[in-house]
Structures are given as structure tokens and as C-alpha cells.
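So you can see what is in the structure, the chains are spelled out below.
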Amino acid sequence: MSDRTRALLRFHVRRYGQYKENELAQLSKESERAARAHGLVERASQRRALNVSKKSELIRSVKGTRDLLPPETSLWQRVEDEARRVFAAYHFQEIRTPVLELTALFARSVGEDTDIVMKEMYSFQDRDEESLTLRPEATASVVRAYIEHSLYNQGGIHKLYYLGPMFRRERPQKGRYRQFYQIGAEVLGSDHPVIDAEVMEMLVLFLERVGVREFALLINSVGCPRCRQEYLKVLRKALESVKTNLCGDCRRRAETNPLRVLDCKVEADQPVIEKLPRILEHLCPECRQHFDRVTGELNQRGIPHQITPRLVRGLDYYTRTTFEVTSGALGAQNAVLGGGRYDGLSEMIGGPPTPGFGFSIGQDRLVLAVEQAGHLKPREALAAYVAWLGEAALAPAQNLVRELRRGGWSVEIGYEPMKLKKSLGIANKLQARFAIIIGEGELAGGRYQVKDMSTGAQEPVEPARIASYLKEKLGAIV
Ligand code: HAM
């Protein structure tokens, strides 16, 4: 294709979007061939997707994504608040990275032969032909940001945490979505084994704070590139004789990336995989020492854990420690969180040597576990509903509502005049803890009736004292 043809085609695509089939007739044969070869022609399926066939047809959310509605969102917030509180106590600070990254970031770090990169990423060609991806995970992004902003020049250790949506095109089921949410944390700048144990200690505290007590902490080491090479030789050899009994993916991976065979989930493959050599028996002395120190530290902190030799995790960047927390209450998708050490990741994406360790919690699954455990409740939605009776009560009622809201209380008021019965019905429906009744008698007596909606008991309280009355009864601000 000549430079001129290329320039013309690109100009058209930038200006008007991709060519439609019926526009191709206007092009020369050379341009038409080039437009097709370079993917500049809009496919029929794309065109259909852009056509909203019937205006009245209901447009639904995308498969594998979902809306989170109140009151469930309140539980999500509580989990997030608790995470921020616990992480801050361990001196982590928040980082926010873009949802959109260059595809190469994940191909290089997560690994080209992983399920995530091969099958699950939402990648697309941008108008300038750059390949972009909706992040399937955030560790690579955090390390990219660390390098891009030269945080290593500040010296010392960086402890960063993040919350937000991730995207993987997996088969949706309970606890598995195409847009899901992670709460994660990364420690960059040290390979000390105490970091691994301290981060797991923080996680255990966090799970305790959100009321999740039934879980298992699984831990393993995948060694360093040096000892892993040796192990891979042994593993490849063992796979030679058994790979014909494994699934197609495993047969391919036995050649391309044998470690991935260990996290195959195909039922029929499991007895064969169980008998393969274990990486823990092939660690070099330094990796063995690291692993022993991590498990020793966990013991010293009284944190129960199970050594799980097959836990290699589905991402290629791990070195040494890998770990997961599973919860029996969750069914098939039982991994609440996963993480590990990734001492070579920074170099993989063009940065200076920077050891790292971190984890990501699947927030969707965590919230399910929190709901089942039932210790953490959604926040009380409403402290008080103010029921005013008669026009004369409206202004005093609005003054009270404003004052209580300024004090941080969650308060609602009706906008239309209503009978008492109807107001109390609304207070009930909104699950207000108290109804504050202001009628002619209350205005004359200078004290408003405060009714406890759970017991029905009510008592008169001076307007100026209502905030402290709520505090006495409810404790924390609602
Ligand atoms: P990961 O194991 O791929 O690790 O994901 C971590 C957690 O995210 C999983 O344990 C699970 O709870 C949740 N998760 C993953 N996929 C889905 C899905 N489709 N739907 C719902 N939840 C899901 C990572 O992402 C690494 N970045 C963890 C890490 C951080 N390693 C070091 N630092």
C-alpha cells in the first residue's frame, strides 16, 4: 500500500469512523484491499450493535455486569471504610490508576500464556490503532505508576492500596462477574519476608473487622527465576509421560508454560496433576529460607495457614510467596482474595529492580461472605423522620431538620402537608429510628414529640436538645 493510500484511509477513519460496506465501492481496488486488510471496515455485527433497532426496546445491563443498589451499597461502603481504616493503621496510602491501560502492560506482566491475557481481556483498537485494555487487575498498573512517577527516587518502601472495578470476560456465575471489584494493596521496595507475613496479618485483622471468621489461608512458594528453571525442567520431564491424559489446554501448556498446568481446574486432570513434582521440594536455599521465615513469622503471630504446594496462581509475575484466602461458605468461587510476591515485575515492564508484595480482595465475594457472616450490618439508613402537622409547623420543622443535618444526622422530612398517620407510615417505610412530631400542641408547649419507631414509646423533647437526645439513644451518628 502506498503512503498516500494509507494516509487517506487513516484520515477517513479518524474523521468519519470505519468504512461501511457500501462505501467501499467508491474506493480504488488497492484502497479497498488495504482497508479490509487493516481492519478499517466496520463489521456487520458492529453495525448491528450500534443500531438501536426499536426505540421502545428495554436496554439492559451488559452480561456479567450488575447494578449495586441500596441498601446493599451501604454494606459495600462499610467494607470499604473498614479496609481504609485497617490499611491506614498499617500505613498504606491510596493510589488511583486509570481503568484503561496499554494492552502490552498486561501481556508482559500477567503473561501472554495465562487465561487472563489469552481469553479474558477486554481489549480494543483505539482510533489511533493503539491496543488498549480495560484493566483485568491492578498490580501491573500500580507498578507502572510507581515507575512512571519515579517513586523509587524517594527511597524506602512504598505502601499503596486501591479500590475499584476490574474487567475479565469470564463465564458469569455466583461470585464471578465480568466487571468485578477489588480492594488491593501493594508494598514496593523490599524483599524482606517479614513484609509478606505482616501483610497477611493485616488481612486477617481486616477479615476479623468485617466479621468473616470462617476462612483458610493457603500459602506456597513458586521460587525465583533461578530455582524455577530447574523445577520446570523436572516438571516438563514428568509431563512428557502423562500429558496425553490431560486436557487440550494443559497439553499445550506443558510445552509453553508448564507451571500453568498446576492451576488447571478441569476435574478429570486433577488426579494426574496431584502426582506431579512439587515446587516446594525444588526451592533454592535462598527461596527456602524466605519461605521458612514467612511461615515462621505467621506462626509467631498466631496466624493459622495451610501449606498448599499446588498454589501457583493464575498470573505469571509471581516469585517466592503466593497465597490465597478461601471461604467454604462461597461455593465454587471460593477464593476471597489472592496475592503474593513479584520481585521481577518492575523489570518486566521496563522499570528498575523493585521487589514487591501484595494482594487483591474480590470485593463482590467478600461482601457475600460478610452478608453470610451477618456481623457487619448495612448502616441505619435514617436517624429521624420529621412529621409536621399544619402550615405553622413547617418552618420550625425545616429549621430542626437543617440543624440536625448540619450536625451530621441523616434526617428526612415530608414536602407536602400530611396527616399524622400517613407521616408515621412513611417514617416506618423508610425505617427511620425516630419520628419527630411537630403539631400545634408541640409548638405551643415548646417541646416536640420524639417517637421511637421500634418500641412505639414517645417522649417530649425541647428542640435544642433533640440532637443530644439522638446521640444518647443511637450512640454514633446515623
Ligand atoms: P487474582 O487472584 O486474579 O489476583 O484476583 C484476586 C481476587 O479477585 C480473587 O481471589 C477473586 O476474589 C477476585 N476475582 C477475580 N476474578 C473475579 C471475577 N471474574 N469476578 C469476581 N471476583 C473475581 C489478582 O488480581 C492480583 N492482582 C493479586 C495481587 C495483588 N497479587 C499481588 N498483588
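My aim in this report is to walk through the structure given alongside it, one point at a time. Since this is a predicted model, take the numbers as computed values, not measurements.

### A short note on the packing of helix 8 (residues 193-209) against helix 12 (residues 285-300)
Part 1 of the reasoning: At their nearest, the axes of helix 8 and helix 12 sit 8 Å apart, and the two run at 35 degrees to each other. The handedness of the crossing between helix 8 and helix 12 comes out as right-handed. Note on element contacts: helix 12 touches helix 8 through His290, Arg293, Val294, Glu297 and Leu298, opposite Pro193, Val194, Asp196, Ala197 and Met200.
Part 2 of the reasoning: Here the contact of helix 8 with helix 12 is composed, by residue class, of six nonpolar, one polar and three charged.

### Things to note about the site of the ligand
Part 1 of the reasoning: For the ligand, the set of nearby residues contains 26 residues, the closest of which are Glu137, Phe180, Gly338, Gly358 and Gly362.
Part 2 of the reasoning: Secondary structure elements with two or more residues in the shell around the ligand: strand 6 (179-188), strand 10 (335-341), strand 11 (356-362) and helix 14 (363-373).
Part 3 of the reasoning: Of all the elements, strand 10 adds the most residues to the shell around the ligand, at six residues.
Part 4 of the reasoning: By residue class, the composition of the shell around the ligand is eight nonpolar, eleven polar and seven charged.

### Section: helix 12
Part 1 of the reasoning: With 16 residues, helix 12 extends 22 Å from end C-alpha to end C-alpha; this agrees with the ideal 22 Å at 1.5 Å per step.
Part 2 of the reasoning: Along helix 12, the positions that sit buried rather than exposed are Cys287, His290, Phe291, Val294 and Leu298. Along the axis of helix 12, the buried residues cluster in a sector spanning 95 degrees; they form a single face. Structural note: helix 12 exposes Pro285, Gln289, Asn299 and Gln300 on the side pointing more than 90 degrees away from its buried face.
Part 3 of the reasoning: Lining the buried residues of helix 12 we find helix 8, strand 7 (216-221), helix 9 (225-242) and strand 9 (319-326).
Part 4 of the reasoning: Remark: glycine 302 follows helix 12 within two positions and exhibits a positive phi of approximately 70 degrees.

### Thoughts on the environment of valine 199
Part 1 of the reasoning: Summarising the element assignment, valine 199 is placed in helix 8.
Part 2 of the reasoning: Since 23 C-beta atoms lie within 10 Å of it, valine 199 is described here as buried.
Part 3 of the reasoning: For the pair valine 199 and isoleucine 361, spaced 162 residues apart in sequence, the C-alpha separation works out to 13 Å.
Part 4 of the reasoning: Discounting residues that sit within four places of it in the chain, valine 199 has contacts with Ala185, Val187, Phe357 and Phe359.

### Comments concerning the sheet that holds strand 10
Part 1 of the reasoning: On the basis of which strands lie adjacent, the open sheet formed by eight strands has the order 1-5-6-11-10-9-7-8 and mixed pairing. Strand pairing shows two members of the sheet lacking a second neighbour, strand 1 (93-94) and strand 8 (306-307), which therefore form its edges.
Part 2 of the reasoning: Note that strand 5 (residues 158-167) and strand 6 share ten bridges and pair antiparallel. By the bridge assignment, leucine 163 is partnered in strand 6 with isoleucine 183.
Part 3 of the reasoning: Contacting strand 7 and strand 9, helix 12 runs over the sheet at an angle of about 35 degrees to strand 9.

So, how was this worked out
Numbers given for residues are sequential positions, taken from 1 along each chain in its written order. Local features in this predicted model are restricted to residues of pLDDT 70 or higher, and side-chain atom pairs are both shown and tallied only at a pLDDT of 80 or more, whereas totals for entire chains, interfaces and linings draw on every residue. Axis lines are fitted to C-alpha atoms, over the contacting stretch for helices. Their N-to-C directions set the angle, which ranges from 0 to 180 degrees. Put simply, DSSP marks the helices as runs of H or I at least four residues long and the strands as runs of E at least two long, and each gets a number from the N terminus on. Left-handed describes a crossing whose near helix is turned anticlockwise from the far helix through less than a right angle; right-handed describes the clockwise counterpart. Whether two residues are in contact depends on their C-beta atoms, placed from the backbone: they are in contact if these lie within 7 Å. Residue polarity is assigned by list, with Asp, Glu, Lys and Arg as charged and Ala, Val, Leu, Ile, Met, Phe, Trp, Tyr, Cys and Pro as nonpolar; anything else, Gly included, falls into the polar class. Note on definitions: a residue is near a molecule or strand provided its C-beta atom, placed from the backbone, lies within 6 Å of it. To estimate the expected span of a helix, subtract one from its residue number and multiply by 1.5 Å. Partly exposed residues are those whose C-beta has more than 12 but fewer than 20 other C-beta atoms within 10 Å; with 20 or more the residue is buried, with 12 or fewer it is exposed, and the C-beta atoms are placed from the backbone. Think of it as the arc spanned by the lines of direction from the helix axis to the C-beta atoms. Two strands qualify as a pair provided DSSP detects at least 2 bridges between them.

All quantities given are derived from atomic positions and should not be read as evidence of function.
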